[in-house]
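# A closer look at the structure
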Amino acid sequence: MILARSFFEQKTLKVAQDLLGCFLIRQIGQKKISGRIVETEAYCGSKDLANHASKGRTNRTEAMFGPPGHAYVYLIYGMHYCFNIVTEKSGYPAAVLIRGVELDDRQTIIGPGKVCRALKIDKSLHGVDLVKSQKIWVEDNNQRLKDWKIVKLPRVSIDYAGEYKYKRWRFRINPNQ
DNA sequence: TATACGATCACCT
DNA sequence: GGTGATCGTATAC
């Protein structure tokens, strides 16, 4: 079942955890690549100093201020793309970064740059509506088990974020499940 | 117009 | 553990 707008409109920390175990589907022509989401990170509002949007609304961060369910894709270190899903209401900048997926062949990809390479995500997907797009979307699954253990970890590479550096807003499915 | 650096990865020692 | 690649963005001048 394709996730609806209302799913992404919930609290970012909830969406980030609920996305674990869901499938990120990428359709390229006749080819379909699906990845089970195993690691996410939450970026919550302008108060969160780790959030790109904490310094105000700019061209780059505009997508995060938009309606939920849209993609926010950006280039980092001049070579890697990172894929985020915008959450919460319009005007409130928040998003979930997809950090890890497991492919159909059970290969696990950890790292936002590697995820984008595996799913062939680039800036052409920036701003697309995941609820309506034919190129990329997220599906829930019936296999979700309630006793999945979600590991909470500090976020990565955000030493500049002051007290927000210590927030455990990175979520990962227990690799032992 | 110029400069510094980042929500990273791969490869080296 | 350390470093180089490589460029869009924000900020400074």
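The structure presented is a predicted model; accordingly, all values stated were derived computationally and were not measured.

Contacts to DNA strand B come from 23 residues, most closely from His52, Asn84, Gly111, Ser157 and Tyr160. Looking at DNA strand B alone, sugar and phosphate atoms form 49% of those within 4 Å of the protein. Note that a base nitrogen of DNA strand B is positioned 3.0 Å from one of the side-chain N or O atoms of tyrosine 74. Residue tyrosine 160 places a side-chain N or O atom 2.3 Å away from a phosphate oxygen belonging to DNA strand B. When contributions to the surface near DNA strand B are tallied by element, the ones reaching two or more residues are strand E3 (71–76), strand E4 (80–86), strand E5 (94–103) and helix H4 (112–118). Of the residues forming the surface near DNA strand B, the biggest block, four residues, is contributed by H4. A breakdown of the residues in the surface near DNA strand B according to their chemical character gives twelve nonpolar, eight polar and three charged.

This next bit is on the nonpolar core. In terms of nonpolar packing, the biggest core is built from 51 residues, with Leu19, Phe83, Ile98 and Val138 touching the most fellow members. Discounting residues that sit within four places of it in the chain, leucine 19 has contacts with Leu3, Phe7, Phe8, Ile37, Thr40, Ile85, Val96, Ile98 and Val138.

The subject of this paragraph is the protein's contact with DNA strand C. The environment of DNA strand C is made up of Lys55, Thr58, Arg60, Leu75, Tyr77, Gly78, Met79 and Lys123. What you see for DNA strand C is that sugar and phosphate hold 71% of its atoms within 4 Å of the protein. Contact between DNA strand C and lysine 123: a phosphate oxygen at 2.9 Å from a side-chain N or O atom of the residue. Looking at the surface near DNA strand C residue by residue, the classes come out as three nonpolar, two polar and three charged.

Cut-offs used in this document
Residues numbered from 1 in each chain as written. Chains lettered and ligands numbered in written order. Predicted model: local features only at pLDDT ≥ 70, side-chain atom pairs only at ≥ 80, totals over all residues. Heavy atoms only, no water. Near = heavy atom within 4 Å. Polar contact = N/O pair within 3.5 Å; in protein donor to acceptor, adjacent residues only side chain to side chain. Helix = DSSP H or I, 4+ residues; strand = E, 2+ residues; numbered from the N terminus. Nonpolar A, V, L, I, M, F, W, Y, C, P; charged D, E, K, R; others polar. Core = buried A, V, L, I, M, F, W, Y, C linked by side-chain atoms within 4.5 Å. Buried < 20%, exposed > 50% of the residue type's maximum accessible area, 1.4 Å probe, protein only. Contact = heavy atoms within 4.5 Å.

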